[in-house]
Amino acid sequence: MGNLLEYSGIVTKIRGMEAKLLTPDQFTEIVNLGSVPEIVEYLKKNTAYADVLETLGEDQIHRGNIEKVLTQSLYHDYTKIYRFCRQKQRRFMKLIMKNYEIDLINYCLRIVINHYRQPFDLNYKRAFFDRYSQISIEKLITSRTTDELVENLKGTEYYAPLRKLKDSQDVTLYDYNLTLDLYFYISTWKEQKKLLKKADLELFMRDRGSKIDLLNLQWIYRAKQYYNMKPADIYLMLIPIHYKLSTDLVKELVEAPGYEEFKNAVAKTSYARHYNFNQDLTIERMYADFLHHLYTVDRRRDPYSVAAINTYLFLKEEEIKKLTTAMECVRYKLSPGETFAYVGGKTQ
C-alpha cells in the first residue's frame, strides 16, 4: 500500500503521457513519407510533438533544429514527472539527470576539441539546466580549450575525474568520454544504495546492472571486431562492475583469441538469447531491444515503483532516437525497408 500511495499520482500522469507516444502504425506512416518537411507536418498534425514543432518556421526545418525541439520535448516530460514527485522520487530523478549532464559535457568537449566555427548553440537547454542541474551552461559556452572547459566545471562532481586528465599526454576526446562514462556508472551504482530502499533499490540495481553488463559486452565486441585492441587495453575501457557477468567470464570474453571463441563465451551469459550473431541485427540494436524488454517487464511486475519513471523516460529517449534516424534516412532517400532496418526495434 505504501508504494501505491507514493506512486499513484506519478503513475497516473505517466500513463497519460505514454498514451501520446508514437504507435508502430505511426512509425510506418512516417518512414513512408517523402521528405523531412513532410515528416514535420505529419508530427504537427498527429502527435504530441505539435507544440514544440510549432516554434519552428519553414526556413528552420532541418535536422539540427528538429533535434533541438525534440530534446526539449524530453525535458518537458522530465519536468512534468518531477513536479509530481515527492522528495524521495526527486532524488532518483537526479540520478537520471546525470545522464543528460554527461551528454552535455561530451557535446561541449567535442565542440572544443574539433574547433567548430559555430560552437555552442545551447540556449534551448539553458532553462532546463538552470533549474535541475549543477552545471552552468553560461560558464561552459565561454570555453575555448579543454582546460577552460574543465575549469568551468569546478564546483560540480565532474571536475575531479576530468581534472586528473589535465597533465596526461596526448589526451583525446575518447579519453574524456571514457572517463565520464566510467565515472557516471561507478558513481550512480554507489549512490543508488543511498537513495533507494528495498523494492526500488532491487529494481534499479537490476536495470542498471544489466545495462552495465550489456555495455561491457558491446564494448568488448567493438574493441575486438573493429579495432583489434589488445586485452590489456580492453580491460581499461570496461566498467569495473560485474552484475551477471563473473570476473572469469569477462576474462574469457576479453581474451578470446577469435570471433568464434568470443561468440562461445557470449553463449555462456544469461544475455545470450539477445545476442544471436546470426541475425541481421547490429549489436547496438540488440542492446536497445534487451533494455526495452527489461524496462517494460519491470514496470509490468511492479508498476508502482521507480520502474514507472525509468521505463517512460527510456521509451521517450528511444522514440526520439528513432525519429531522428528516420528523418536522416528519408533525407538521404533510403527506401522504407532500409529505414526500418536502421530504426528497428519496438516503439512501445
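The model shown is predicted, which means the values in this text are computed figures rather than measured ones.

Q: Would you mind going over the pattern of salt bridges with me for this structure?
A: Side chains that carry opposite charge are capable of pairing whenever their charged atoms lie near each other. On inspection of all chains with the given rule, the structure shows 14 salt bridges. Here Glu318 and Lys321 are joined by a salt bridge, their closest N and O atoms 3.4 Å apart. Taken as a pair, Glu318 and Lys321 lie in helix α17 (residues 306-331) at a separation of 3 residues, close to a single helical turn. When its relative accessible area of 49% is taken as the criterion, Lys321 is described as partly exposed. A network of salt bridges, in which partner residues are shared, links Asp77, Lys80 and Lys316.

Q: Explain unusual backbone geometry to me, please; I cannot follow it from the model alone.
A: Leaving glycine out, the prevailing phi sign among residues is negative, and the prevailing peptide bond configuration is trans. In this model, Asp170 sits at a positive phi of 50 degrees, which is unusual for a non-glycine residue. Note that Asp170 resides in the loop between α10 (159-163) and α11 (173-195). Overall, Asp170 belongs to the exposed group, its relative accessible area being 70%. If you check the backbone angles, Lys333 has positive phi at about 65 degrees while not being a glycine. On the secondary structure map, Lys333 appears in the loop between α17 and α18 (336-343). For Lys333, a relative accessible area of 63% translates into the label exposed.

Q: Would you take a moment to explain the side chain of Asn310 for this structure?
A: Here Asn310 shows up in helix α17. When its relative accessible area of 10% is taken as the criterion, Asn310 is described as buried. Within polar-contact distance, the side chain of Asn310 engages the side chain of Asp207 at 3.2 Å. Not counting the four nearest positions on each side in its chain, Asn310 is found in contact with Phe92, Ile96, Phe204, Asp207 and Tyr295.

Q: It is not clear to me how helix α12 (residues 198-225) should be interpreted in this structure. Could you clarify?
A: Each full turn of the α-helix corresponds to 3.6 residues, which orients residues three or four apart in the same direction. Compared with the 40 Å implied by 1.5 Å per residue over 28 residues, the 40 Å span of α12 between its first and last C-alpha is a close match. Here α12 lies mainly inside the structure; 20 of its 28 residues are buried.

Q: Just to check I follow, could you spell out the packing of helix α6 (residues 87-114) against helix α7 (residues 123-132) for this structure?
A: A packed helix pair is summarised by two numbers, namely the angle formed by the two axes and the spacing between the axes. The geometry of α6 relative to α7 is characterised by a closest axis approach of 12 Å and an angle of 135 degrees between their N-to-C directions. The pairing of α6 with α7 is recorded here as oblique in orientation. Where α6 crosses over α7, the handedness of that crossing is left-handed. Contact residues: α6 offers Lys94, Met97, Tyr100, Glu101 and Leu104, while α7 offers Lys125, Phe128, Phe129 and Tyr132. Classifying every residue of the contact of α6 with α7 gives 6 nonpolar, no polar and 3 charged.

Q: For this particular structure, what's the right way to read the packing of aromatic side chains?
A: Ring pairs (aromatic) are described by centroid distance and by the angle formed between their planes. With the rule as written, the count across this model stands at 20 aromatic pairs. Both rings, one in Phe128 and one in Tyr132, keep their centres 5.2 Å apart while their planes meet at 50 degrees; by these two values the pair is tilted. Here Phe128 pairs with Tyr132, and both are found in helix α7, just 4 residues apart, close to one helical turn. As far as burial versus exposure is concerned, Phe128 and Tyr132 are alike and both buried. With a centroid separation of 4.6 Å and 70 degrees between ring planes, the pair formed by Tyr295 and Phe314 is classed as edge-to-face. Separated by 19 residues along the polypeptide, Tyr295 in helix α16 (residues 283-301) and Phe314 in helix α17 bring together distant segments of the chain.

Q: I keep staring at a negative patch on the surface and nothing clicks. Help me out?
A: Together, Glu41, Asp51, Glu54, Glu58 and Asp59 make up a region of like negative charge exposed at the surface. Here Glu58 shows up in the loop between α4 (50-53) and α5 (63-84).

Q: I'm lost on the packing of helix α3 (residues 36-46) against α17 in this one. Help?
A: Contact geometry of α3 with α17 gives a least axis separation of 9 Å together with a crossing angle of 145 degrees. Only Leu323, Met327, Val330 and Arg331 of α17 make contact with α3, whose side of the interface consists of Val36, Ile39 and Leu43. Partitioning the contact of α3 with α17 into residue classes produces 6 nonpolar, no polar and 1 charged.

Q: Even after reading the chapter, I still don't get the environment of Lys20, so can you show me in this structure?
A: Structurally, Lys20 is set in the loop between α1 (2-18) and α2 (24-31). Given the relative accessible area of 56%, Lys20 is considered exposed. C-alpha separation for the pair Lys20 and Ser143, spaced 123 residues apart in sequence, amounts to 39 Å.

Q: In this structure, what is going on with α3? I would like to understand it.
A: Buried within α3 are the following residues: Val36, Ile39, Val40, Tyr42, Leu43 and Lys44. Close packing links the buried residues of α3 with α2, α4, α5 and α17.

Thresholds, definitions, all that
Residues numbered from 1 in each chain as written. Predicted model: local features only at pLDDT ≥ 70, side-chain atom pairs only at ≥ 80, totals over all residues. Heavy atoms only, no water. Salt bridge = Lys/Arg side-chain N within 4 Å of Asp/Glu carboxyl O. Helix = DSSP H or I, 4+ residues; strand = E, 2+ residues; numbered from the N terminus. Buried < 20%, exposed > 50% of the residue type's maximum accessible area, 1.4 Å probe, protein only. Polar contact = N/O pair within 3.5 Å; in protein donor to acceptor, adjacent residues only side chain to side chain. Contact = heavy atoms within 4.5 Å. Expected span 1.5 Å × (residues − 1). Axes fitted to C-alpha atoms, helices over the stretch in contact; angles between N-to-C directions. Parallel < 35°, antiparallel > 145°, perpendicular 65-115°, else oblique. Left-handed = near helix turned anticlockwise from the far one by under 90°. Nonpolar A, V, L, I, M, F, W, Y, C, P; charged D, E, K, R; others polar. Phe/Tyr/Trp six-rings, centres within 6.5 Å; stacked < 30°, edge-to-face > 60°. Patch = residues over 30% accessible without salt bridge, like charges linked within 9 Å, V, L, I, M, F, W, Y side chains within 5 Å. Areas by Shrake-Rupley, 256 points an atom, 1.4 Å probe, with all protein chains shown as cover. Lys, Arg positive; Asp, Glu negative; His and termini not counted. Charge placed at Lys NZ, Arg CZ, Asp CG, Glu CD.

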